[in-house]
Amino acid sequence: NVPEPARFPPGLHNAYWFATFNALSFPIVVGTPMILYAKTLGASATVLGIIAGMMPLLVIFQIPAASHISRVGYKRFVYAGWGMRVLFIGALAVVPLLTGVLDATARLALVLLLLFAFNLSRGISSCAWLPWITALVPESLRGQYLTRDAACVNLASFLVIVLAALTLGEQPAAWQFAALFSLSAAMGGLSLVFLQRIP
């Protein structure tokens, strides 16, 4: 008997939609738009370096978090972490609107606090993603899956940065940053819908 060729499990296409909407969200918060916003608040080069380095630095929390995955489950672990991330992005979207309430230093401190929480929740929850996908995707199809996933992520990341550039223009006002961060939160929320549908 000829063995049946390996197939993707039903519902895995939701992983590509999740990757796409996630990539329409996170580049705004961890990329150039957030750096630009921090600069408008008077952030020093050191503070900008901290903002840029937070994401790779806090990935180290994958190590202590990994021992809890088996108890919680891959899907619940990732969903909880990504859900918290969306909440923190939503809070970040409010910060530019606090111009008349908080001075620039206080707003910058709030941004740093929320970015730390965002990147910490990402660092902790991301340790369950690859084991989950590894369990779902047959070994012979993993290269195909990763190629499609990378295409979705890179295309969406390119589109959202172009959109951010068009939105902010040359002299962006606080409401433009708030609108951009709100878009990030909305796309993050949509990504959760597809995350929930992954087997």
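A quick note: this is a predicted structure, and the numbers were derived from the prediction, not measured.

Remarks on the overall build of the protein chain
Point 1. Counting its secondary structure elements, the protein chain contains 11 helices and zero strands.
Point 2. Reading the protein chain from its N end, one meets helices and strands in the order α-α-α-α-α-α-α-α-α-α-α.
Point 3. For 199 residues, the compact-globule formula gives about 16 Å, and the C-alpha radius of gyration of the protein chain, at 18 Å, lands near that figure.
Point 4. A sequence separation of at least 24 residues applies to 84% of the contacts in the protein chain between residues at least 6 apart.
Point 5. One way to put it: in the protein chain the 11 positive side-chain charges average out to a point 8 Å from where the 5 negative ones average out.

A closer look at the packing of aromatic side chains
Point 1. With the rule as written, the count across this model stands at 10 aromatic pairs.
Point 2. Members of the aromatic cluster, joined through ring pairs, are Phe18, Trp82, Trp129 and Trp132.
Point 3. Lying across the ring of Phe194, Arg197 places its NZ or CZ 5.3 Å from the centre.

Focus: the environment of Phe88
Point 1. Mapping Phe88 onto the fold places it in helix 7 (residues 74-94).
Point 2. When the C-alpha positions of Phe88 and Leu114 are compared, they lie 6.0 Å apart, and in sequence the two are 26 residues distant.
Point 3. Apart from residues no more than four positions distant in its own chain, Phe88 is found in contact with Leu114, Ala117, Phe118 and Ser121.

A look at the nonpolar core
Point 1. The biggest cluster of nonpolar side chains holds 56 residues, and the ones touching the most others in it are Met34, Trp129 and Leu195.
Point 2. Per-element accounting of this core gives the leading share, eight residues, to helix 11 (residues 174-197).
Point 3. Beyond its immediate sequence surroundings of up to four residues, Leu195 is in contact with Phe18, Lys75, Val78, Tyr79, Trp82, Trp129 and Trp132.

Description of the side chain of Asp149
Point 1. Tracing the backbone shows Asp149 in helix 10 (residues 142-168).
Point 2. Of the side chains with opposite charge, Arg148 lies nearest to the buried Asp149, which makes no salt bridge, at 10 Å.
Point 3. Beyond its immediate chain neighbours, meaning those up to four positions away, Asp149 contacts Tyr16 and Ala19.

Some points on helix 3 (residues 32-40)
Point 1. Restricting attention to buried positions, one finds in helix 3 the residues Pro33, Met34, Tyr37 and Ala38. When helix 3 is viewed along its axis, its buried side chains cluster within an angular range of 135° and face the same direction.
Point 2. Elements in contact with the buried residues of helix 3: helix 2 (26-30), helix 4 (45-58), helix 7, helix 8 (104-125), helix 10 and helix 11.
Point 3. Just beyond helix 3, the residue with positive phi is Gly42, at close to 85°.

Quick notes on a nonpolar patch on the surface
Point 1. A cluster of nonpolar side chains, Leu155, Phe158, Leu159, Val162 and Leu166, forms an exposed patch at the surface whose accessible area comes to about 530 Å².
Point 2. Take Phe158: its relative accessible area is 54%, and that puts it in the exposed class.

Quick notes on the environment of Met55
Point 1. Looking at the secondary structure, you find Met55 in helix 4.
Point 2. Accessibility expressed as a relative area gives 26% for Met55, which makes it partly exposed.
Point 3. Through-space distance from the C-alpha of Met55 to that of Arg122 is 8.1 Å; in sequence the pair is 67 residues apart.
Point 4. Once residues lying within four places of it in the same chain are set aside, the contact partners of Met55 are Val30, Asn119 and Arg122.

A few points about helix 1 (residues 13-23)
Point 1. Of all 11 residues in helix 1, nine are buried; the element is thus mostly enclosed.
Point 2. Along helix 1, the positions that sit buried rather than exposed are Asn14, Ala15, Tyr16, Phe18, Ala19, Thr20, Phe21, Asn22 and Ala23.
Point 3. Those residues of helix 1 that are buried are in contact with helix 2, helix 7, helix 9 (129-136), helix 10 and helix 11.

Definitions and limits used
- Residues numbered from 1 in each chain as written.
- Predicted model: local features only at pLDDT ≥ 70, side-chain atom pairs only at ≥ 80, totals over all residues.
- Heavy atoms only, no water.
- Helix = DSSP H or I, 4+ residues; strand = E, 2+ residues; numbered from the N terminus.
- Rg over C-alpha atoms; globule rule 2.2 N^0.38 Å.
- Contact = heavy atoms within 4.5 Å.
- Lys, Arg positive; Asp, Glu negative; His and termini not counted.
- Charge placed at Lys NZ, Arg CZ, Asp CG, Glu CD.
- Phe/Tyr/Trp six-rings, centres within 6.5 Å; stacked < 30°, edge-to-face > 60°.
- Lys NZ or Arg CZ within 6 Å of the ring centre and 35° of its normal.
- Core = buried A, V, L, I, M, F, W, Y, C linked by side-chain atoms within 4.5 Å.
- Buried < 20%, exposed > 50% of the residue type's maximum accessible area, 1.4 Å probe, protein only.
- Salt bridge = Lys/Arg side-chain N within 4 Å of Asp/Glu carboxyl O.
- Arc of directions from axis to C-beta.
- Patch = residues over 30% accessible without salt bridge, like charges linked within 9 Å, V, L, I, M, F, W, Y side chains within 5 Å.
- Areas by Shrake-Rupley, 256 points an atom, 1.4 Å probe, with all protein chains shown as cover.

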